[in-house]
Amino acid sequence: MSRYQEADNDKKLESLATKLSTFRNINEDIGRQAQIDSSVIDSISESFSSLLNDLKNSSSRLTRSMSMGSGVWRMVFIALSVFFIIYTLYKFF
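Residues numbered from 1 in each chain as written. Predicted model: local features only at pLDDT ≥ 70, side-chain atom pairs only at ≥ 80, totals over all residues. Heavy atoms only, no water.

### Quick word on the environment of Ser 67
Short version of the rule: The numbering of helices and of strands both runs from the N terminus, where a helix is a DSSP run of H or I of at least 4 residues and a strand a run of E of at least 2. Throughout this description, buried means an accessible area under 20% of the type-specific maximum (1.4 Å probe, protein chains only), exposed means over 50%, and partly exposed covers the range between.
For Ser 67, the position within the fold is in helix H1 (residues 2-68). Overall, the relative accessible area of 56% leaves Ser 67 in the exposed class. Each C-alpha atom of the pair Ser 67 and Leu 52 lies 22 Å from the other, and the pair is 15 residues apart in sequence.

### Looking at the UniProt feature "domain: T-SNARE coiled-coil homology" (unreviewed entry) in the chain
The condition is simple: UniProt positions are given in the numbering used here, feature names are shortened, and annotations may be inferred rather than shown by experiment.
With numbering aligned to this structure, UniProt lists the feature "domain: T-SNARE coiled-coil homology" (unreviewed entry) at residues 3-65. In this annotation, residues 3-65 is assigned 100% helix and 0% strand; the end-to-end C-alpha distance for the span is 92 Å.

### Observations regarding the UniProt feature "transmembrane region" (unreviewed entry) in the chain
Those places that UniProt annotates as "transmembrane region" (unreviewed entry) correspond, in this numbering, to residues 71-90. Along residues 71-90, the helical share is 100% and the strand share 0%, with 28 Å between the first and last C-alpha atoms.

### Structural notes on the pattern of salt bridges
The test is simple: Think of a salt bridge as a Lys or Arg side-chain nitrogen and an Asp or Glu carboxyl oxygen that are within 4 Å of each other.
Here the structure, examined in full by the defined rule, presents two salt bridges. Measuring nitrogen to oxygen at the nearest pair gives 3.5 Å for the salt bridge that ties Lys 12 to Asp 8. Of the two residues, Lys 12 and Asp 8 are both situated in helix H1; the distance of four residues between them amounts to about one turn of the helix. Residue Asp 29 pairs with Arg 32 through a salt bridge whose shortest N-O separation is 2.3 Å.

Below, the structure written as structure tokens:
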């Protein structure tokens, strides 16, 4: 009876070791995927920061050029704004 119990305990121990190994592998996979996701998020964050900086620079240049020129730039800006608004409304409806 002792041999059977010992064999049964060995089988259970082996089963637990296999499950533990599986959980460790899953944990490592999750860790690797988290690092990849973090890298992607950092890349996206840098891209948006660059985009925001470029947008600020463009806006600043547009503001400067509009203040230097006469009403021509204002008319161009108004025309583009109206076009954008109409285009946006057309897309939604």
